[in-house]
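# A look at the structure
So you can see what is in the structure, the chains are spelled out below.
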Amino acid sequence: MKIILVVGARPNFMKIAPIYRAFEAHEDMESKIVHTGQHYDEKMSDIFFNQLGLPKPHFYLGIGGGSHTYQKANVMLAFEKILNDEQPDLVLVVGDVNATAACSITGVKMGYPVAHVEAGLRSGDRNMPEEVNRIITDAISNYLFVTEHSGLVNLAKENVPDEKVFFVGNVMIDSLVHFREQSKGVGILDELEVSAKEYILMTMHRPANVDHEEGLKSIIQIIKDATSHKKVVFAIHPRTSNNLKKYGLYEEVEQIPGLVLVGPQGYLQFLKLMDNAALIITDSGGIQEETTFLQVPCMTFRNSTERPITVELGTNFLMQDLNPHSVKEQMDAIMAGHAKQGIIPPLWDGKAAERIRDILYQEHQSKA
Ligand code: UD1
């Protein structure tokens, strides 16, 4: 069974790694990785391939950034050629980035079965580019692999037939489980001169938060409030640093006392930073899940989440009101001991990729 695995941007790499490993371990399965090139820097891409034990992508499309139409159109054209040459038995996409939607459309239109891993998540906010990618991909894929109960409910509401839907757990947590021990050996805390549980970790990169001056100013205020509790490690995404520079705010950030400003981190470094943080403030999707698994308090600077289990069972708090004052109130409460311990959601056990492999192999055999 020949499978094409698609990756494009940073959050895809840790989801594909366990799937690639599981397929490689099966004697009748062969998988090849296509990287669309949406994320291309050493720190946004290559370091993940190295640390996660992925091979160099078998195909690198090099499409890079640009408008979403530019990215998707060019990815589709290049991916069509690959599918024509490779004639796989299946195309597998993960998550909700532009590559996910572009390659699922190309695959389905060319008559290949498509599997979507991390299906059914919905924030209800179609202003998020990821939400549109999720809806498109789920509407057309043949196999939908779900990470949490809400995904089953959402797909049922959208009239997706039950036989296409499989609740398998979370492949991103597979990576976390696999690499957690190894991450303990990296020296990132010493390097940044912070001690375990004595710092707050921050990331921010959503266009809705960082593409305008008001959002950036809110983030600066949040950093200042957080440094009144503990040192703050801010692992800044290129979108955010570019925009801070564009609005002339970067220097103000650099000068905040108690702030350790660093660029994007490797997988192992960031895992260690999460594992040892007193609190994480973020607008990421994936970090909500990782902190839930690690049972580290998380405040998500968004007013909706496509991953409600992280609030219901996990350690996550949503900031309904994107106002630095309410963030401060919540942060003060957490630092005063009012965090949630949470529980680990069902099937987040490090074995999701194996379940996906076994289901796909069985389906392939039954149709052969
Ligand atoms: C993308 C995903 C988002 C994911 C995020 C994680 C979509 C719609 N969005 O958003 O879901 O949470 O990745 O990082 O697919 N840049 C670099 N170097 C790189 C990559 C990007 O400098 O290697 C710069 C680009 O110049 C670009 C900016 O960062 O202007 C943003 O990158 P882009 O890929 O457009 O979107 P993300 O915000 O990263």
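Given the structure is predicted, the values throughout are model-derived calculations rather than measurements. Sequence order sets the numbering: in each chain, residues are counted from 1 along the sequence as written. Totals for whole chains, interfaces and linings use all residues, but because this is a predicted model, local features are given only for residues with pLDDT of at least 70 and pairs of side-chain atoms are given and counted only at 80 or more. By convention in this description, side-chain values take in all heavy atoms of the structure and omit both hydrogens and water.

### What about the overall build of the chain?
A run of H or I in DSSP becomes a helix once it reaches four residues, and a run of E becomes a strand once it reaches two; helices and strands are each numbered from the N terminus. From N to C terminus, the chain includes 17 helices and 13 strands. Radius of gyration: over C-alpha atoms. The globule rule applied is 2.2 Å multiplied by the number of residues raised to the 0.38 power. In summary, the chain has a C-alpha radius of gyration of 20 Å against a globular reference of 21 Å for 368 residues, a match within 12%. In terms of overall dimensions, the chain has C-alpha extents of about 65 × 40 × 40 Å along its principal axes. Throughout this description, buried means an accessible area under 20% of the type-specific maximum (1.4 Å probe, protein chains only), exposed means over 50%, and partly exposed covers the range between. Burial statistics for the chain: of 368 residues in total, 59% are counted as buried.

### Details of the domain arrangement of the chain
When cut into domains, the chain gives domain 1 (2-170 + 348-367) and domain 2 (185-335). Those domain boundaries reflect an automatic or database domain assignment. Centre-to-centre separation of domain 1 and domain 2, based on C-alpha positions: 27 Å. With 23 residues of domain 1 at the interface, the matching set in domain 2 holds 20 residues. A simple way to read buried area is as the amount of 1.4 Å-probe accessible surface that goes missing from two parts once joined, with both sides added. Of the roughly 1,800 Å² buried between domain 1 and domain 2 on both sides combined, carbon and sulfur atoms contribute 58%. Broken down residue by residue, the surface that domain 1 buries against domain 2 is led by Gln51, Glu148 and Trp348, which jointly contribute 30%. Salt bridges are counted wherever a side-chain nitrogen of Lys or Arg sits within 4 Å of a carboxyl oxygen of Asp or Glu. Between the two partners, domain 1 and domain 2, sit three salt bridges. For the salt bridge of Glu118 with Arg307, the shortest nitrogen-to-oxygen distance reads 3.1 Å. Contacts described as polar in this section are N or O atom pairs within 3.5 Å, which, within protein, must combine one atom able to donate a hydrogen with one able to accept it, while residues neighboring in sequence count only if both atoms come from side chains. Inspection of the region where domain 1 meets domain 2 yields seven residue pairs in polar contact (both at pLDDT 80 or more). Among the secondary structure elements, those contributing two or more residues to the side of domain 1 that touches domain 2 are helix H1 (10-24), helix H2 (42-51) and helix H5 (129-140). Note on contacts: a residue pair qualifies if any of its non-hydrogen atoms lie within 4.5 Å across the two residues.

### Things to note about the packing of helix H10 (residues 213-227) against helix H16 (residues 324-335)
For the pair H10 and H16, the least separation of the axes is 9 Å and the interaxial angle reads 25°. Of the possible angle classes, the one that applies to H10 and H16 is roughly parallel. The interaxial crossing formed by H10 with H16 has right-handed handedness. Two secondary-structure elements touch here, H10 through Ser218, Gln221, Ile222, Asp225 and Ala226 and H16 through Pro324, Val327, Lys328 and Met331. Residue classes in the contact of H10 with H16 are distributed as five nonpolar, two polar and two charged. Between the N-to-C directions of two axes lies an angle of 0 to 180 degrees, each axis being a line fitted to C-alpha atoms and, for a helix, fitted only over the stretch in contact. When an angle is under 35 degrees it counts as roughly parallel; over 145 it counts as roughly antiparallel; between 65 and 115 it counts as roughly perpendicular; any other value is oblique. By convention, the crossing between two helices is left-handed when the near helix turns anticlockwise from the far helix through less than a right angle, and right-handed when the turn is clockwise. Three classes are used, and their members are as follows: Ala, Val, Leu, Ile, Met, Phe, Trp, Tyr, Cys and Pro are nonpolar, Asp, Glu, Lys and Arg are charged, and the others, Gly among them, are polar.

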